[in-house]
Structures are given as C-alpha cells and as structure tokens.
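Coordinate inspection notes
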Amino acid sequence: MPGLADCLSFLRLLIARGDPKGIPMATDAIDDHLAMAPVSARRRGLRVLQQDALELHVTSVGVQRSFAETVDAYIARKLAEE
C-alpha cells in the first residue's frame, strides 16, 4: 500500500513524542495515506494504522498514551466514513 510504511513510522514517532501540537501532523499523515491509497486498500490500511496505535497505547503512559488514543479515535472516525 502506498505510503503505509511511511505513515506508520511517522505516527510512531509522533506518539513517542506525545506533543499535542503534533496531532494535526498525525491527522494529515493519515489523510495523505488515504489520498494515495487505492480505494480498495483504504480500510485495510486504516486497520493496520489503528492496530499499531492500539499496541502503542497499551505500552505507553501519560502524554504518549493520550496521543495514541487521539490517533485511534481519528482512525475510527475515518473507518466509519469509508
């Protein structure tokens, strides 16, 4: 899937930093991935991103955990739209 690996890496970095100012960058990265991905691969790509965010959520604490929750919620909204 186009850009999925890059999006995963970028989201992991943003979650590790946990800076709330990075939320717009995270949502932009997800939106960019969706724009590049074929329609048939979008849901699968979102699920991969969501699973990764959930795994990071479980192992994180504090601001990183909150950031991962926010990313997960955004992905859930995008999945509902697809």
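See the structure printed just above.
Residues numbered from 1 in each chain as written. Predicted model: local features only at pLDDT ≥ 70, side-chain atom pairs only at ≥ 80, totals over all residues. Heavy atoms only, no water.

Quick look at the overall build of the protein
Selection criterion: Per the convention used, a helix needs a DSSP run of H or I reaching at least four residues, while a strand needs a run of E reaching at least two, with both numbered from the N terminus. Radius of gyration: C-alpha atoms only; globule rule: 2.2 Å multiplied by the number of residues to the exponent 0.38. Categorising residues by exposure relies on relative accessible area from a 1.4 Å probe, with only protein chains included: less than 20% of the type maximum marks a residue as buried, more than 50% marks it as exposed, and the intermediate range marks it as partly exposed. Charge assignment: positive for Lys and Arg, negative for Asp and Glu; neither His nor the chain ends contribute. Positions of charges follow a simple convention, taking NZ of Lys, CZ of Arg, CG of Asp or CD of Glu.
The number of helices and strands found in the protein is four helices and zero strands. Mapped in sequence order, the helices and strands of the protein form the string α-α-α-α. The globule rule puts the C-alpha radius of gyration for 82 residues at 12 Å, and the 12 Å found for the protein is close to it. Overall size of the protein, expressed as C-alpha extent along the three principal axes, is 35 × 20 × 20 Å. Relative to its 82 residues, the protein shows a buried fraction of 39%. Side-chain charges in the protein split into 10 positive and 11 negative, and the spacing between the mean points of these groups amounts to 2 Å.

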